[in-house]
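Okay, here's what each chain looks like letter by letter:
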Amino acid sequence: MSGGEVAGILVAVFWAILVSFLAVALARLAQTLKATTKLVADVTDQAVPLLADASTAVRSAQTQIERVDAIASDVQEVTSNASALSTTVASTFGGPLVKVAAFGYGVRRALGGRKDEAPAKTPRRTVIVGRAVSRGRGKRD
């Protein structure tokens, strides 16, 4: 065997080993691509129903928002009606009620007679260091 033949055999063995490694790598890559394809298909199968459920939930929320909006506008209308009613009642009955009360007070005063209008005198107090003390403090019963 000559040196060229040995070199040829070494190159052939090297190429065989290289092709084997590449074949194993390609086989693993094919398995990975199959698993990825299956995963994408499973995600797609699960995503479609989820999107349909989300769409249904959004439609339901929109319906509820429309109902709440209608209720809020009704409440606003009732509030304005109650305010108008309150103003009407106050203006209708307010003035006459004040007049009736004043008349009643005048009648009571007239029937009760004129009494001494001097208010009762309260004893004067002296303030000592933040305390109120009666002038007649020294007197004891």
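Residues numbered from 1 in each chain as written. Predicted model: local features only at pLDDT ≥ 70, side-chain atom pairs only at ≥ 80, totals over all residues. Heavy atoms only, no water.

Along the chain, the regular secondary structure elements total one helix and two strands. Walking the chain from its N terminus toward its C terminus, one meets helices and strands in the order α-β-β. For the chain, the proportion of its 141 residues judged to be buried stands at 1%. Taken as a whole, the chain presents about 12900 Å² of accessible surface, with 66% of it coming from carbon and sulfur. (Helix = DSSP H or I, 4+ residues; strand = E, 2+ residues; numbered from the N terminus. Buried < 20%, exposed > 50% of the residue type's maximum accessible area, 1.4 Å probe, protein only. Areas by Shrake-Rupley, 256 points an atom, 1.4 Å probe, with all protein chains shown as cover.)

This part is about the packing of aromatic side chains. Tallied over the full model, the rule gives one aromatic pair. A ring pair is formed by Phe 14 and Trp 15, whose centres lie 6.3 Å apart and whose planes are at 70 degrees; its orientation type is edge-to-face. (Phe/Tyr/Trp six-rings, centres within 6.5 Å; stacked < 30°, edge-to-face > 60°.)

With that settled, the discussion passes to a nonpolar patch on the surface. A cluster of nonpolar side chains, namely Met 1, Val 6, Ile 9, Leu 10, Val 13, Ile 17 and Phe 21, defines an oily patch on the protein surface of about 740 Å² accessible area. Tracing the backbone shows Met 1 in the segment before α1 (3-112). (Patch = residues over 30% accessible without salt bridge, like charges linked within 9 Å, V, L, I, M, F, W, Y side chains within 5 Å. Salt bridge = Lys/Arg side-chain N within 4 Å of Asp/Glu carboxyl O.)

Right, let's talk about the confidence of the model for the chain for a bit. On average, residues of the chain score 85 in pLDDT, and 80% of them reach the 70 mark or higher. Confidence, read as mean pLDDT per element, is least for strand β2 (residues 131-134) in the chain (58) and greatest for α1 (91). (pLDDT = per-residue confidence, 0-100.)

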